[in-house]
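If you want the building blocks of each chain, they are given just below.
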Amino acid sequence: MINPILIRSDFPILSRTVNGVPLVYFDNAATTQKPTSVIDALSNYYLTINSNVHRGVHRLSMEATEEFEKARISVAKFINAKSSRSIVWTRNTTESINLVAHSWAKKNISKGDKIVVSQLEHHSNLVPWQQIAMERDAQLVIIPISDEGVLDLSNIDVLLDSSTKLLAITHISNALGTINPVKDLISLARKHDAFVLVDGAQSAPHLPIDVQDLDCDFFVFSGHKMLGPTGIGVLYTKEEILLDMDPFLTGGEMVMQVWDQKASWNDLPMKFEAGTPNIADVIAFGSAISYLENLGMDNVRKHEIDLTKYALEALSKIDGLNLLGPCDTNNQAGVISFDISSIHPHDVGTFLDQRGIAIRTGHHCSMPLMHRLNLPATARASFYIYNTFEEVDKLVDSIVGAIEFFGK
Ligand code: PMP
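Since the structure is predicted, the reported quantities are computational estimates derived from the model, not experimental observations.

Trainee: Looking at this structure, I do not really get the overall build of the protein chain. What am I missing?
Mentor: In terms of regular secondary structure, the protein chain is built from 14 helices and 17 strands. For 408 residues, the compact-globule estimate of 2.2 N^0.38 gives 22 Å, and the C-alpha radius of gyration of the protein chain, at 22 Å, lies within 12% of that figure. For the protein chain, the spread of C-alpha atoms along the principal axes amounts to about 75 × 55 × 35 Å. Each of the 408 residues in the protein chain was classed as buried or not, and the buried ones make up 56%. Long-range contacts, defined here as pairs at least 24 residues apart, represent 71% of the contacts in the protein chain between residues at least 6 apart. Accessible surface, the protein chain: about 17,100 Å² in total, of which carbon and sulfur atoms supply 51%. Separation between the mean location of the 34 positive side-chain charges and that of the 48 negative ones in the protein chain comes to 3 Å.

Trainee: Would you mind going over the sheet that holds strand 17 (residues 378–382) with me for this structure?
Mentor: The strands that make up a sheet pair up through hydrogen bonds in the backbone, lying either parallel or antiparallel. The strand order 13-14-17-16 describes an open sheet built from 4 strands, whose pairing is antiparallel. The open sheet has two edge strands, strand 13 (321–324) and strand 16 (360–362), and neither has a second partner. Ignoring which end each strand starts from, the neighbouring axes of this sheet average 30° apart. With 4 bridges joining them, strand 13 and strand 14 (residues 335–340) adopt antiparallel strand pairing. Counterpart to Leu324 in the pairing with strand 14 is Ser337.

Trainee: Can you help me understand the packing of aromatic side chains in this one?
Mentor: We describe a pair of aromatic rings using the distance from one ring centre to the other and the angle between the two ring planes. One pass over the structure, following the stated rule, counts 14 aromatic pairs. Between Trp104 and Phe195 the ring centres are 4.9 Å apart and the planes differ by 50°, which places this aromatic pair in the tilted class. Within this pair, whereas Trp104 is found in helix 4 (residues 93–108), its partner Phe195 is found in strand 8 (residues 195–199), the two being separated by 91 residues in sequence. Seen in terms of ring centroids, Phe405 and Phe406 are 5.1 Å apart; in terms of plane orientation they differ by 90°. Their pairing is edge-to-face.

Trainee: Even after reading the chapter, I still don't get the site of the ligand, so can you show me in this structure?
Mentor: Around the ligand lies a shell of 13 residues, among which Thr94, Asp199, Gln202, Ser222 and Lys225 are the nearest. Its residues assigned to classes, the shell around the ligand comprises 1 nonpolar, 10 polar and 2 charged.

Trainee: Would you mind showing me how to read the environment of Ile279 here?
Mentor: Secondary-structure assignment places Ile279 in helix 10 (residues 279–295). On the basis of relative accessibility, which here comes to 5%, the residue Ile279 falls in the buried class. Residues Ile279 and Ser86, spaced 193 residues apart in sequence, show a C-alpha to C-alpha distance of 18 Å.

Trainee: Looking at this structure, how should I read the side chain of Ser96?
Mentor: Position of Ser96 relative to the elements: it lies in helix 4. Given the relative accessible area of 0%, Ser96 is considered buried. If we skip the residues at most four places from it in the chain, Ser96 touches Thr90, Val220, Gly233, Val234 and Leu235.

Trainee: Got a minute to help me understand helix 5 (residues 127–136) in this structure?
Mentor: Because the α-helix completes a turn every 3.6 residues, residues three or four places apart line up on one side. Every buried residue of helix 5 is accounted for by Pro128, Trp129, Ile132 and Ala133. Projected down its long axis, helix 5 shows its buried positions confined to an angular sector of 135°, all on one face. For helix 5, the secondary structure elements touched by its buried residues are helix 4, strand 5 (114–118), strand 6 (139–143), strand 7 (164–170) and strand 8. Taken from the residues just after helix 5, Asp137 is the one with a positive phi, measuring 60°.

Trainee: Explain the environment of Gly407 to me, please; I cannot follow it from the model alone.
Mentor: Structurally, Gly407 can be placed in helix 14 (residues 389–407). With 77 residues separating them along the chain, Gly407 and Asn330 place their C-alpha atoms 34 Å apart.

The rules behind each value
Residues numbered from 1 in each chain as written. Predicted model: local features only at pLDDT ≥ 70, side-chain atom pairs only at ≥ 80, totals over all residues. Heavy atoms only, no water. Helix = DSSP H or I, 4+ residues; strand = E, 2+ residues; numbered from the N terminus. Rg over C-alpha atoms; globule rule 2.2 N^0.38 Å. Buried < 20%, exposed > 50% of the residue type's maximum accessible area, 1.4 Å probe, protein only. Contact = heavy atoms within 4.5 Å. Areas by Shrake-Rupley, 256 points an atom, 1.4 Å probe, with all protein chains shown as cover. Lys, Arg positive; Asp, Glu negative; His and termini not counted. Charge placed at Lys NZ, Arg CZ, Asp CG, Glu CD. Pairing = 2+ DSSP bridges. Axes fitted to C-alpha atoms, helices over the stretch in contact; angles between N-to-C directions. Phe/Tyr/Trp six-rings, centres within 6.5 Å; stacked < 30°, edge-to-face > 60°. Near = heavy atom within 4 Å. Nonpolar A, V, L, I, M, F, W, Y, C, P; charged D, E, K, R; others polar. Arc of directions from axis to C-beta.

Here it is, written out as structure tokens:
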């Protein structure tokens, strides 16, 4: 069981004030706050073992390499990958998807093939596939959604068929919180020998993940959305697929032998990690993973279900507030998007900021979804392990205050 009051003492930023009142941080889908252990891991690296990895015979380099590779093993265990050779460090989810587009899709997608995505995608899991579809003369197919923001699978057998080469789908929508039935979709894709990329940017931080059980080919996520530093992302790929992929970037680190006119590639996963990696952030990300593992991902999910249920119930009673998304914690994560017809979302966000409450307003990098919902933007509150029921009360009271203020 999670005790957010205890957890909060690990997060120094949560004791600051904003506009004279205690900060309420509800923008966790954008990025999460960092516990002292992660901040310490970052500074300890620079204070005690700062050096380059993999190529040094001296003590500092050996210690840095050991910590760096330990973090890779932690991430592999965290998502139950068979081996840490399947874990490639990138800068973020966006770069991981671009790596797959460049190194896998260009080689495997041809004219007429289908790439299937959904109407819920973040631009990061849409624009790279638009580019590949244009370049390869492939077809980009979009799974539609219901008005509640749930995938409409009534026509899925037509959308996802034997001409599908890739299903690239978000596990959880960052804009609405919808949890997609990715396991069922992966089974269906398998029947057609299609490959599957799961965008786990919003799921790895909030749900237990088992990539072997999911049986996806690619799973991507970002460290900064799960207590880790910015600038570190993960690409998990089945080893046999990685072996067959071409490098993304070339240069130092990713080579085994270099001659005047050609080069051979390093072992996995270094073949995909050209240049000096983001060593300090990888090590600190390892600390973030330990922090989450100590809490237990089932407990993380349970806490978010409790907060989300509580918030949905209170928000649903506010006159003039329109809740978006499934409004059902069976298939909704700790993300609540809403619209107040009489107030622009940016005005709601600014009003809440005056009361120390940080929410996100805008299109959430999901413009096609906003077009589908016929909205320019939404207001979004997103929860994490340190959020409390009292903070949800403050949010609800402040939204009522905003409606009164702007209604006048
Ligand atoms: N996919 C989803 C579902 C996301 O929520 C985000 C971040 N908002 C991304 C991809 C992109 O993540 P990053 O900016 O860390 O690359």
